[in-house]
Structures are given as C-alpha cells and as structure tokens.
Amino acid sequence: MLTVYIVSHTHWDREWYHSAGRFRQRLVPLVDDLLDDPPPADTSFLLDGQTVVLDDYLAVRPERASELAALLRSGRIEAGPWFVLADELIPSGEALVRNLLAGRRTLRALRAEAPPVLYCPDSFGHPAALPALAQGFGFPMIVAWRGYGGRRWPDGDACSWRAASGERVLLYHLAPSGYELGANLPANDAAAAHRWREIRDQLAPCSRLDVALLPNGADHHARQRDLAAAAAALAATASPTAVERGSLRGFAERALASAGARELPLVEGELRDSYGFTWTLPGTLATRAHQKRRNAGIERLLLREVEPWSALAARRTGQSWRALTHAAWRALLLGHPHDTLCGCSIDEVTRAFDARMDDAESQATGLRDDAIAAVIGHDSERARLARDAWRPHIVLRNPAARPRGGVAIVEVTRFLADVRVGPGSAGVPTPPSGTPAGARAFSVDGVDALQVLTRDRVHERTESPRAYPDDDLVERVRAAVWVREVPGFGVRALPVGAGRRRAGPVPNPVRVDGHTMANGRLRVEVGPGGDVTLACERTGRVIERILIVEDQDDAGDLYTPSPRGAVREAHCVGVRAVHRGPLRGTLETRWRLPVRRGQTVELRIALTLDADAPFLRLSVTGDNRAIDHRLRLRVRTDVARPTVHADAAFGPVLRSALTVLPEDSAMEMPPRTAPLHRYASLSDARHGFALISDGLAEYEAGEDGSIAVTLLRAVGELSRADLPERPGHAGWPAPTPEAQCLGPFAAELALFPHDAWSDATAVAVEQAAEDVLAPVTGATIRSLLAEVPESGGVELEGAGLVFSSIKESEDGECLVLRCVNVADREVRGRWRIAGGMSEARLARLDETPERPAPVEGDAVQFDAPPRGIVTLLVR
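About the thresholds
Residues numbered from 1 in each chain as written. Predicted model: local features only at pLDDT ≥ 70, side-chain atom pairs only at ≥ 80, totals over all residues. Heavy atoms only, no water. Buried < 20%, exposed > 50% of the residue type's maximum accessible area, 1.4 Å probe, protein only. Helix = DSSP H or I, 4+ residues; strand = E, 2+ residues; numbered from the N terminus. Pairing = 2+ DSSP bridges. 1 Å grid on protein atoms, 1.4 Å probe; cavity = no way out; pocket = protein on both sides within 12 Å on 5 of 7 lines; lining within 4 Å. Points joined across faces, edges and corners; volume = space filled by probe spheres on them. Nonpolar A, V, L, I, M, F, W, Y, C, P; charged D, E, K, R; others polar. Salt bridge = Lys/Arg side-chain N within 4 Å of Asp/Glu carboxyl O. Polar contact = N/O pair within 3.5 Å; in protein donor to acceptor, adjacent residues only side chain to side chain.

A.B. asks: I'd like a rundown of the pairing of strand β41 (residues 827–833), residues and numbers included.
C.D. replies: Taking every second residue as pointing to the same face, the buried face of β41 carries V827, G829, W831 and I833, while none of R828, R830 and R832 on the other face is buried. Note that strand β38 (residues 794–797) and β41 share 4 bridges and pair antiparallel. Paired with L796 across the two strands is W831, which belongs to β41.

A.B. asks: I'd like a rundown of the layout of surface pockets, residues and numbers included.
C.D. replies: Considered as a void within the structure, the second largest pocket measures approximately 1,500 Å³ in volume. Considering the residues around the second largest pocket, the lining is formed by 47 residues, among which A657, L658, P671, R672 and T673 are closest to the centre. Listing elements by their share of the lining of the second largest pocket, those giving two or more residues are β22 (547–554), β23 (563–569), β28 (629–635), β29 (643–646), β30 (653–655), β31 (674–675) and β34 (698–701). Grouping the amino acids of the lining of the second largest pocket by side-chain chemistry returns 22 nonpolar, 9 polar and 16 charged.

A.B. asks: Please provide a residue-by-residue account of the pattern of salt bridges, values included.
C.D. replies: Under the counting rule described, the total for this entry stands at 82 salt bridges. For R634, the salt bridge identified is with E550, shortest N-O distance 3.0 Å. Separated by 84 residues along the polypeptide, R634 in strand β28 and E550 in strand β22 bring together distant segments of the chain. Here R634 matches E550 in class, with each residue buried. Residue R830 pairs with E797 through a salt bridge whose shortest N-O separation is 3.2 Å. Placement of the pair is R830 in strand β41 and E797 in strand β38, with a sequence separation of 33 residues. Residue E797 is classed as partly exposed on the basis of its relative accessible area, which comes to 27%. Salt bridges linked by common partners bring D32, D36, R61, R64 and E67 together as one network.

A.B. asks: Explain the environment of R830 to me, and be specific about the residues and the numbers.
C.D. replies: By relative accessible area, which is 26% here, R830 ends up partly exposed. Placed 714 residues apart in sequence, R830 and P116 show a C-alpha to C-alpha distance of 33 Å. At a separation of 2.9 Å, a polar atom in the side chain of R830 contacts the side chain of Q861.

A.B. asks: I'd like a rundown of the sheet that holds strand β20 (residues 532–536), residues and numbers included.
C.D. replies: Overall, antiparallel pairing links the 5 strands, which are arranged β17-β18-β19-β20-β21 in an open sheet. Because the sheet does not close on itself, it has two edges, and the strands there are β17 (511–513) and β21 (542–543). Across 2 bridges, the pairing between β20 and β21 is antiparallel. Within β21, the residue paired with L534 across the bridge is I543.

Next comes the structure, spelled out in structure tokens:
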C-alpha cells in the first residue's frame, strides 16, 4: 500500500527574472503568513532546502526572529541544509562544503537543524561525489530531479547512489513534473478526482517504496490558501492509497525505513542525463563564461591562500580569522544559485553578481595579505613609525601542500618618490605614473636567476591601524625568478637591493630563436601562417597545427546553445617574440575572425614556456565585436579514440559520450559538451594529453582526439521557444543584451602532454594543474624591519593523495586538513605540520570528529581508501 506525503513548499530562486531585492518583496509576506498562521503540527512548509531566505527575511523583519526560530525548531517550517541552492557542477567540491557549512551556521544561530535530506530539487545535474558530500554532513538521503530518469537509468523513484569513495545514500527521484507535481491542488471533488489520476499516473508506476512525495508548491509560490480542504478532497478520491499532509523530515524517515527493507538498484557516477524524462538543461556551462571564470579564480584565492594562511596566522597569533573568511565566502556564495552562476538570469542579476565578486575578491585579497603579514610577524603599526629602518623584501609564498621551487613570478616594487595627500599636497610635484622612462638596476638575494618581464610606475600605500596610509610612487617590476624549493604552505623572504643581478645555472632554460622556443622538455614552433607545432623533446611526440580558433553562429538562449551553419576558422595575422628566456619565453600570435559583415573577433594567444616546465601556457585575450555566436579554441592532440578523465568535485571522473535515442531527444537534445573544472585529460594505451583551464567551464572532447574549450557564447535572450534542441520556454522570456558579451574577454589555459592514464598519471595531472593555477609567487613588502626566517607550513605525503583544503575549524579549536585519494587503491598518507601537533582525529566533511589518528611529533598518519576524501582535525 502506497502512502503519499503532501509537503507544502516554495521553490525560491533568489534571483532570476527579477532581482533578489524584488523577489524579497514577495518572500516577506510569504513568511509573514506562515508566522501568523503556522502549519499544523506534524506538517511543515519547506523553504526550498536553503537558509539564505531566512537571512533575507530577517533583514527586513528582525523583530520576528524568535517566532521564526520557534517554528524551525518545531519542524513546522523547514529550511536547509544548503545556504543557497547552488549549481552543483560548476563550483568546486570545497565550495559545496562551504555552502553547507554556511547553511548550518544560519540554522544553528536560530538553534535549529535541517531535515536529514540533501534537497536538490532543480540543479542542472549532480556531481558523482554528491553521496560523499551528503554522508559527510550526516544526510543519508538525497532528493533530486534533473539529471536522472528515463530509459538509461533503472526504473523507479528510488535507488542506492554510490560515490567513487564508497559512500551510499538513498536517492529519491522526483516525478517528471518535479517539485510542481502537487501545486495548486483543487478542493472540488470532481476536479480532485481528475487531478489525482494525473498524480497517480506519475507516482504509482515508478514507486519502489511504500511512500511517495507530493510537493505542493512551485516557483515563488506562497502557501496554498485552501490546502486543508484540497488535501482532504485528494485523500477521499485517492483511497485506498493513503494521502497525508506531512513534512520533509517525516517523509525522509518513512522512506529510509522502507528502503532498509528493500533491495534497490545501485547507480554510480554523475547524474547529467534525464533526456526523455525531463529537461536536464546542461547548456549553461558557457553562458556568461567570463563570470564563471572569475568565480573560479576567487574560489582558488579563498581555498589556496586565504583559508590556509589565515589558519596558520591564527595558530601563530592565537586570534581566530574564521568570521572574516566566512564573510568573504558569503559574498561569493550568494552568486552560486544555478540561475546566477549558470548565467540564465536577467542582466540586472548579472551586474549584482559582478558586484558581489568585486566584494568577495577585495575581502579575500586583504585577508590574504594581512594573514601573510601575521605569519611572518610583520607589525605594520611599528613599521609605519620607523620608515628609516625599512628593509624591502620579496615575500615568496607556496600555496601547495608540497615543496616547490623553480620559476616564480614576483612583483618587485622600489621607492621613487613620496606622495603627499591632503591640503598640504597642493603644488608639490611628483614624478608621473605609468611606464618608466629608464630602467633602474636591482638585485634579489637568494635567487639563482632573474628575468624582467614588465616595468611600470604605480602608487603604493603602506597602511597602519593607527595612522593615515603612507603613499609612495614606486617602480613596479614584474619578473621571473628561479628559486630553491619553498616548503608546502611556506613563506620565504628575499632581500631586495641595488646593483647588478647575478646569473646562476638554471635547469632546462628557455631558448627562443625566431618563432621557435624550447626548454629541453617541450619545443614550440609557430609557422608562417600561425600554425603551432608542439613537440615533446624527450619522447619524440610531435603534434602539428595544435591550435585552431573556431566560431559558429548560435541562435540559442541562455539555457541552450543552438549552433547553426558552417564553422569558421580565424586566421593568424602576426607573430612576435615577447620574452626570450632564460626563465620565460613567450611567443604572441594575433588572430582575426570575421563573423559576419561589420562583426569581428580580434584575439591574441600568447604561448609561454617556463624553464624546466612540462606544460605550455596559453594566455588568450580578445575583443568580441559580434553577436549570436560561439567562439572556441580547439586543441588537436595525438591521442586516438580517447578515454576522457575530467576534473570534478573531489577527484576526476571518467566520462564517455552519451547515446540518446531520437524519441528521448525530442524533448531536449543532449549537447556534446561537458563541465570543465581545472582540467580534462584525453588518453589512450600509449599516452595522454590534458587541457588545463583557469575557470572556463565547458569543453568538448572529439572522437578525433581534439578537445575544444568554449571561450564565449554570445546570445541575447533569456529564453526562446523556437529551438530545435529544446522546444518550449525554459524560463520567462526577457532580452539580455549584456549576455552578448561584447568587448574584452580572456582566458588562461595550459597544455600538458602526459603518459597513459594511471594512478601516477592522475597525480601528475593534478600537480600540473596546481602548478599552473596556484604557482609559487611573491610580492614586495617594503616596510619590513628585520630579516624574516623561512617558515614551513603544512605538507602532505602519500602517492595518490592531492590537497583539498586547509582551514580553521568551525569552532576555532582545530586546524582542518583535507585531502583526496585519486588512486584506485588504498594509500597510506601523512600530514606534516611545522611546530608539531598534540592531537588529531579523523572527521566527517562537516567537521564532526570521529576516531583518533596517530600523531608522532610533527606528523599525523592515516589510511585513505580508494578515491576517498579524508578530513582530519588537528590540535
């Protein structure tokens, strides 16, 4: 016998076809109504599995916080566990963890807890690691809709979903009508009977449990006014099927109990295929690509620099930084809902997202710099009063959990003139900023070689908490230097002085000869027509015409690409050598692409080799002057009929092409593209080739061994109904002229030839991506007063283990260390922390402590299961 649980809810897209502020004006009366007339006992109103709506409401109604908290604690209003209902395929796995931690903080501030469900009603697909994420926060059940269902999956509304790391959850799959199936239930008996037949036809045939969920609500819907009468009418006509009003918690408890007595089908991997069942909407990966790229960069800044250095600073000073890091994360997470980060919103929403990223980046940069100063013991207040004692140093930092050296890019700033500010500054001349007229000699102690890349003049402020800033005009030199290994998450200060630079030996220096450059590992040659050849000097691999800039008309909308017509290729209009080694060589190619009359794309691709580097960097900058088109960079490889391993949340996934029958693609045609995190690797039995991206989120792997990454999609409508790829409107129609992405665009990529895929290759690709995206870097602190001893930080050991996170724990008592085993076997691992530790415990992702881990001096040892995520709490 089947019991149908009616759970009243609203699906709340915080911003979409209206701004967040406009939608809040609808949210406030919705919640007011719930507080004025609470749902009956043992029933609830579900606020869409996210807690940001609680913050939005209380920002306007702070006086009702105690009423709201009481209903949350009683379960008559349900919210969470997410902070925002994020897109799950674009953010990193760690960003999804920060999302859930933020959601839990909001609820605990109200002394409430979320239902035991990872509720994902509308995400455009789900990562393979989601079961591990759910279990890591104590949720044994996931409710999802898009990305699953249809003939390529097991029949039924319930299955066991297993992550590569082994964690399992109960996946409850919503019906084809999703979270709207029970919206606006009729109270009239005849209408109720007709509606029940529609509901029964979706729920009953696929029911694998003795309970089914009937969500009563829809997008931005307030609670149904006559729900009690409508539920009674439905119950009367549905007999002998039982229909009850309930809560998400009650449904989950009943479903988990029922699942425990049954053998359910097992599924694994990503959920990105609901073709023939409901819309998947996977085509947003390149919509407003520049925002996805910037979001990825700020995520890296927070994860690789702000959190680790802040945690190490807190350890040194005894003062917690976690509230400030939470604030920076919050600014970024507010842009992670799928309609925002996916770019399928009106232009007003996009501008608000830009402003949030401005805020998040500003906070993150300031936190990083302050934390580095705290780690090295730099007192800015004392330095502000002792200018004559300043000893400028370049402070190198290594944002990786392993020792690294080699080429580092540093910024050297040297005093030119004091700049006065205020009434006393009138008539005081200062040298002009901009490109300097002449070069001044300088040296950096502790580097084996130095190559100047660029010079300019800028204003630089030295700040203090108890004085106005000191402003100087400085010469800023961007330079490549060769440095000895810096410890993992370590800092090294190098004195800057005047005089000639010494040139020391450099392994595999870069040599540039005309339009050819080589570093002993790779050789790059640009032919007269712009054709680029890449050769691996140690293996003999040669790939000709490796880069193709291609373009195609796109008649789609913000949800779905609709490529039309022939593919156009750009032609190279010039090549020049920019840097000639020995540490960095760069050849810049210029390209022009006529799209249609009066509409062109101009771009430059800088090809860069660093000394001893096993990868080729590509820096793309361009100007888009065309509309309704898709611009891609296609990379040819020498891999035949490739197997594709792509970076994803908490480790790479194996991806294969999806085969969909014509009748299943009538509702929505699957694109050939897929989500791109940091890299996608193509391999065969002989060798492989990886493309590394700094945040562009869409790639396509071709059967010919090529891989295309989308640089931009230029379209101007939120939703169109005339697309053969997806007939019907996916959203409310609205013009979005800013989504044409006119003007500048950019990308940073790298190409990494590697061996055939194996556990060792997986680590090599991870480390190459780390070296490209989070390299050793350095900046000058001119106001240091003394020598700074090298500080070692945190290092991870274990073949197959890759860094995931270092942060302060939520309670401020511990250091959180997390790594991922990308190997398909168990790995013995070890974390080392300079200064040692007293205690360590294994923990869940949500930092709930579990069993102790053995500590020996400065190291803690652990065993990582195959593809496992291992979290440690260290005191």
